[in-house]
Amino acid sequence: MRELFDAELNLTDTPMDRAALEAAVRRADVLVPTITDTVDASLIESAGEQLKMIANFGAGVDHIDVEAAVGRGLIVTNTPGVLTEDTADLAMALILAVSRRIVEGAQVVAEGRFEGWTPTWMTGRKLWGKRLGIVGMGRIGQALARRAKAFGMQVHYHNRKPVPDMVAEELGATWWDDLDQMLARMDIISLNCPATKETHHLLSAERLARLQPHALLINTARGELIDESALADAVARRAIAGIGLDVYEHEPAIHPGLLGHANVVLLPHLGSATLEARQDMGDRVITNIMTFQNGHRPPDRVIPAML
């Protein structure tokens with residue numbers, strides 16, 4: 001970016017505070033935020049006339065008021081697609097970790113508590129034949145479905161509309177138009193949909209209560225999709241068998257009721273944390289900026305109608 005543009009970089013690898021963001025939008029032609037940078041309507045309103053573009057470093061744009069930005073005449077872009085395989089890998093890893101008690105077992109060994117094999121000790125659940133319900137059958141949901149099929153799982157999904165017949169046939173996937181009905185019948189639920197006004201607390205206390213007691217819940221999408229207080233209550237009541245989370249409702253804060261449970265695997269937002277993904281994200285940002293500066297429509301433009 002320094003070779004191509006007159007770039008000011010945040011080299012500390014820590015989120016910019018509000019004052020730094022306000023100063024940036026008053027002097028920059030292009031702002032490149034990350035998920036930790038809140039670009040709300042008031043920040044956009046304070047921007048200088050020279051600001052023309054918000055080129056997000058990441059696929060999710062729920063931290064950006066896209067409607068306010070577009071209303072101000074700004075171009076907003078993101079980096080879709082490049083995180084698909086990495087996030088699907090992590091979702092599958094959490095399914096394995098929770099179902100086979102991998103983190104709990106590793107801790108037993110690390111603490112010197114392993115005393116040898118016994119027939120009934122630390123038994124988990126096999127994946128073969130289990131019903132996986134994917135909430136959100138976009139790129140990542142489909143990539144997870146391919147992995148699940150390889151493990152012999154039955155793939156089910158809830159989406160606003162069915163995927164094309166060719167995709168459904170490839171994945172052996174069954175569409176549920178009623179989310180509540182699907183939740184009540186799955187062994188494992190994986191959240192893979194974006195955070196929008198409509199999906200905020202998609203898994204409310206009422207919907208969490210629909211899960212079977214032996215069910216596992218995986219979330220590698222956005223923390224706001226789950227009512228975290230209700231989830232903590234379900235864990236305390238043993239109303240759910242296991243949870244694997246990579247994202248949190250009030251990240252980086254985690255509800256204390258989710259901590260300290262053997263059947264809860266918590267990761268520090270590692271979904272896109274591969275060298276390849278981060279490099280690809282940066283390349284997409286640069287492509288979007290250069291395309292716009294050359295007078296063309298950026299390939300990854302985001303408009304309110306898409307959200």
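- As named in an unreviewed UniProt entry, the protein chain is Glyoxylate reductase, taken from Brevundimonas basaltis.
- Here is the UniProt Sequence similarities (unreviewed entry) comment for the protein chain, exactly as written: "Belongs to the D-isomer specific 2-hydroxyacid dehydrogenase family."

1. Details of the packing of aromatic side chains
So, point 1. Within the structure shown, the criterion is met by 1 aromatic pair.
So, point 2. Judged by centre distance (6.1 Å) and plane angle (20 degrees), the rings of Phe 114 and Trp 121 are stacked.
So, point 3. Taking the relative accessible area as the measure of exposure, Trp 121 reaches 39% and is therefore partly exposed.

2. Some points on the UniProt feature "domain: D-isomer specific 2-hydroxyacid dehydrogenase NAD-binding" (unreviewed entry) in the protein chain
So, point 1. When the UniProt feature table is mapped to this numbering, "domain: D-isomer specific 2-hydroxyacid dehydrogenase NAD-binding" (unreviewed entry) covers residues 92-271.
So, point 2. Along residues 92-271 the backbone is 30% helical and 16% strand, and the end-to-end C-alpha distance reaches 11 Å.

3. Some thoughts on unusual backbone geometry
So, point 1. Cis geometry marks the peptide bond from Glu 251 to Pro 252; its omega dihedral reads 10 degrees.
So, point 2. Within the chain, Arg 101 stands out as a residue other than glycine whose phi angle is a positive 55 degrees.
So, point 3. Structurally, Arg 101 is set in the loop between helix H4 (84-99) and helix H5 (102-110).
So, point 4. Overall, Arg 101 belongs to the partly exposed group, its relative accessible area being 27%.
So, point 5. Phi at Arg 238 takes a positive value of approximately 55 degrees, unusual for a residue other than glycine.
So, point 6. One can find Arg 238 in the loop between helix H10 (228-236) and strand S9 (242-245).
So, point 7. For Arg 238, a relative accessible area of 72% translates into the label exposed.

4. So, the UniProt feature "domain: D-isomer specific 2-hydroxyacid dehydrogenase catalytic" (unreviewed entry) in the protein chain
So, point 1. When the UniProt feature table is mapped onto this chain, "domain: D-isomer specific 2-hydroxyacid dehydrogenase catalytic" (unreviewed entry) is found at residues 3-302.
So, point 2. With 34% helix and 12% strand, residues 3-302 has end C-alpha atoms that lie 26 Å from one another.

Cut-offs applied
- Residues numbered from 1 in each chain as written.
- Predicted model: local features only at pLDDT ≥ 70, side-chain atom pairs only at ≥ 80, totals over all residues.
- Heavy atoms only, no water.
- UniProt positions renumbered as here; feature names shortened; annotations may be inferred.
- Phe/Tyr/Trp six-rings, centres within 6.5 Å; stacked < 30°, edge-to-face > 60°.
- Buried < 20%, exposed > 50% of the residue type's maximum accessible area, 1.4 Å probe, protein only.
- Helix = DSSP H or I, 4+ residues; strand = E, 2+ residues; numbered from the N terminus.

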